[in-house]
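Residue-level structure breakdown
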Amino acid sequence: MPAFSVYICTAALLCIAHDCLSFENQTVNYNETISLKNELNLTLNLTEKATNKPQPAEDHSQGEKNTSDYGKEMKKETTGAKQIKGKINIYFNLLSLSPLDCPPLGLESLRVSDDQLQASSSLSFGLGAHRGRLNIQSGLEDDDEYDGAWCAGTEDQEQWLQLDARRQTLFTGVILQGRNSIWSLNWVRTYKVQFSNDSVLWQPCMNGSKEALFVGNEDLETPVLALFPEPSVARFIRINPQSWYSNGTICLRAEVLGCSLPDPSSPDPPETNRSSDDLDFRHHNYNEMRKTGQYWKTEGKRVSWDGKVSNQQCNTSVQLSTFYTKGAGSYTGLKLYVMEISDSPGKHELGEPEFRYVAGMHGNEVLGRELLLNLMQFLCREYKRGNQRVVQLVKETRIHLLPSMNPDGYETAYEKGSELSGWALGRYSFEGIDMNHNFPDLNNIMWDAQELATDKRRVSNHYIPMPEYYTSTDALIAPETRAVISWMQDIPFVLSANLHGGELVVTYPFDCTRDWIPREDTPTADNDFFRWLAAVYASTNLVMANPERRVCHTEDFQQHNNIINGANWHTVPGSMNDFSYLHTNCFEITVELSCDKFPHAAELPVEWENNKESLLLYMEQVHRGIKGVIRDKDTKAGIANAVIKVDGLDHDIRSAQDGDYWRLLNPGDYKVTVWAEGYFPRIRHCAVGSEPRATLCDFTLTRTTQDRLKQILAKGGKMPRDNQVRIRAMRMRKLRASTKILNRRREQQQRLKVRRK
Ligand SMILES: [Zn+2]
């Protein structure tokens, strides 16, 4: 069967990433193909009639697509090119597609399975065709099972990596990357491309009368895009290296861009990648995130939202607010926006637990950001529709969503786009700080104190103050980290998850090993509950739960049911999870959401489906264990900072400002002791059932009388004092003061810079 080619241009000689499309001297030839005959006839008829009409697909290809790089190229086109593009667009409109929108087929996202990839030869199994995927990571050592590219076994110009798309596909381009390795340098400099319908007869990718030669890589990591001068419809595509780095050999990682077409010979319809929820599935940069729904119609500190997203009105139930004071935010001044979802926004309700999701601490791990924007929209809409599950959740929980903890990093990655940002661009803050190592390391403070103490029970196991040096203006702490620490102390969070990307696994604390061992299981006192939390997310995430799934990069987390102790993966001192557990009452886990850190916009609906149940079910876990209010017996006033001690668990928690508390626990019977400065302790037995509803366990404390205090002092005893909570509060005040100074200094510098410009 002859290949069907849509000739877009014949003049682009060499297709190099950013100067790819030149639309001089085009000819358009529509050849026939059996499978596409009917659609094509219709297309040609329409094309004849529509040449002079404004082209409807034009607008579609502009705007907020995150494939903005491709879009930029198109702006350079000439009038002639526009007409041709119009014809193609009309054709694609029939399929609800635009050729500019042809997404990656999914070598990186793993939508393309291993058996769809073949190669002429391979250096080893670990360098087989199935490893030739964009952004795949190798282990620390080379030459193991999980290496960082496909490498040909023979060094000549006849080598190829082949993709079987399994159906008729319009192939529009290739993205190439060198081999991921810290030991060797290998990349492909130039390559050719061939197409086939049967993998026997091959047609070269042409550039006019010549075979097209594409420019590949000059380093290991930078992805380089080539759009084909003549996109072709076929089932198979080959990447055929012609020259490579002279001191290396033929190795590459690739992504293929293309649109699946209706194919009568294939039983499946083209993958439409839809979700049953009609949400705003696209990548939102900072301005778009802000615009979406016009979040901020500020009335004082209260913010109402008139939800322009999909015309949803949401101003009765959803409040969206900035948690950070005016003028501060990221290093460059982008704000850290938090959306709060609550039936009584803007305030803490007695007894109601507070939940948070944090995403984008690594700016290039973008899926969490979009999932949280989707979640916000979903909760809002379903609440209005009266979805019982959502109504109950929103009524009983105050939910905070921080979609972008590192907005500076995100913008850097976004500018390059989902396929061209590589593996690390945008990970760090503007100053180059990795925020997940930037929180105070309280683990080692606690462990050191335990080692020095004669009575280990006297060493505090919770609410550990940050060290003094951390509060100074000289401490190397990102403004974003400072903002989040402050937020974590302002609100009595009970449960949280920190959303990352680049792997498929859920990790639970501790993240940091004792004694600087690179990796070792380092459980917290609440290990059982943390494992439960991690399992809740991992077992309901549709990709993780799929036993057929392949390893993302180098580690097989499926053998641990997709959950692992953070420190047992790799040690991270100063992680947000560990800080949250040791400095506040909040239990936090990390979710690595997808193999691909920056999935193409086309993947977002399916990623929402993959994570929707996990996101909801995980929030519902905030209602496990025991909760209640601790009050003064006489005045009935709530007692703040009371210590809640559960027998057998070496981790206490504290009551919030109004005396309410939440202690997450697995089902069981517990002996609970509550103590506060100036009060007699009280003990109660509280039973926790298996249903996700916290057991009410209130406490009434009696003040220690002057007589009782005198007795203690007379016996030479010391008045028990709760100094820890004072030190913790004092250090927090210092941190806020130094942050204020730094923010002011930064604002002044930025103002100067603007003036100089
Ligand atoms: Zn990360």
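On a predicted model such as this, the values are computed, not experimentally measured, just so you know.

1. Structural notes on the nonpolar core
Side chains of nonpolar character tend, in soluble globular proteins, to be buried together. Counting 111 residues, the largest nonpolar core has Met 376, Leu 379, Leu 401 and Ala 534 as its most contacted members. Counting contributing residues per domain, this core is built from domain 3 (297-620) and domain 4 (626-703), each supplying no fewer than three. Residues within four places of Met 376 in sequence aside, it is in contact with Met 339, Ile 341 and Leu 401. Formed by 53 residues, the second largest nonpolar core is a distinct cluster that contains Ala 119, Leu 134, Trp 160 and Leu 163.

2. Re the pairing of strand S20 (residues 505-508)
On S20, burial covers both faces: Val 505 and Thr 507 on one face and Val 506 and Tyr 508 on the other are all buried. Where S20 lies against strand S22 (residues 587-592), three bridges are found, and the strand directions are antiparallel. Looking at S22, one finds that Val 506 is bridged to Val 591. Looking at chain direction, S20 and strand S21 (residues 563-565) are connected through three bridges and run parallel. Pairing of Thr 507 across the sheet is with Ile 564, part of S21. In this fold, S20 hands off to helix H11 (residues 527-540), which returns the chain to S21; that crossover is right-handed.

3. Regarding the packing of helix H9 (residues 442-452) against helix H13 (residues 576-583)
A pair of packed helices is captured by two measures, namely the crossing angle of their axes and the spacing between those axes. At a minimum axis separation of 9 Å, H9 and H13 run at an interaxial angle of 50 degrees. Judged by the inter-axis angle, H9 sits oblique to H13. Contacts from Leu 442, Asn 443 and Met 446 of H9 reach H13 at Asp 578, Phe 579, Leu 582 and His 583. When its residues are assigned to classes, the contact of H9 with H13 shows four nonpolar, two polar and one charged.

4. Quick look at the sheet that holds strand S24 (residues 643-646)
Strand-to-strand pairing in sheets goes through backbone hydrogen bonds, with the strands running parallel or antiparallel. If you trace the four strands from one edge of the open sheet to the other, you get S25-S24-S27-S28, paired in antiparallel fashion. Because the sheet does not close on itself, it has two edges, and the strands there are strand S25 (653-654) and strand S28 (682-688). Bridge count for S24 against strand S27 (residues 668-675) is four bridges, and the pairing is antiparallel. Paired with Val 643 across the strands is Trp 675, a residue of S27.

5. Some remarks on unusual backbone geometry
Here Pro 509 and Phe 510 are connected by a cis peptide whose omega angle stands at 0 degrees. Residue Leu 110 is not a glycine yet carries a positive backbone phi of 75 degrees. Tracing the backbone shows Leu 110 in the loop between helix H4 (79-94) and strand S3 (117-119). Not every positive phi belongs to a glycine, and Arg 166 is a case in point at roughly 70 degrees. Tracing the backbone through its elements, the reader meets Arg 166 in strand S5 (residues 161-177). A residue is classified by how many C-beta atoms lie within 10 Å of it, and Arg 166, with 17 of them, is partly exposed.

6. Points about the confidence of the model for the protein chain
Atomic detail in the predicted coordinates should be set aside for any region of low pLDDT. Per-residue pLDDT for the protein chain averages 82, and the proportion of residues at 70 or more is 80%. A low-confidence stretch, residues 315-327 (pLDDT under 50), is modelled with 38 contacts involving residues beyond four sequence positions or located in other chains.

What counts, and where the lines are drawn
- Residues numbered from 1 in each chain as written.
- Predicted model: local features only at pLDDT ≥ 70, side-chain atom pairs only at ≥ 80, totals over all residues.
- Core = buried A, V, L, I, M, F, W, Y, C linked by C-beta atoms within 7 Å.
- Buried ≥ 20, exposed ≤ 12 C-beta atoms within 10 Å, placed from the backbone.
- Domains from an automatic or database assignment.
- Contact = placed C-beta atoms within 7 Å.
- Helix = DSSP H or I, 4+ residues; strand = E, 2+ residues; numbered from the N terminus.
- Pairing = 2+ DSSP bridges.
- Right-handed = clockwise from strand over helix to strand, strands pointing away.
- Axes fitted to C-alpha atoms, helices over the stretch in contact; angles between N-to-C directions.
- Parallel < 35°, antiparallel > 145°, perpendicular 65-115°, else oblique.
- Nonpolar A, V, L, I, M, F, W, Y, C, P; charged D, E, K, R; others polar.
- pLDDT = per-residue confidence, 0-100.

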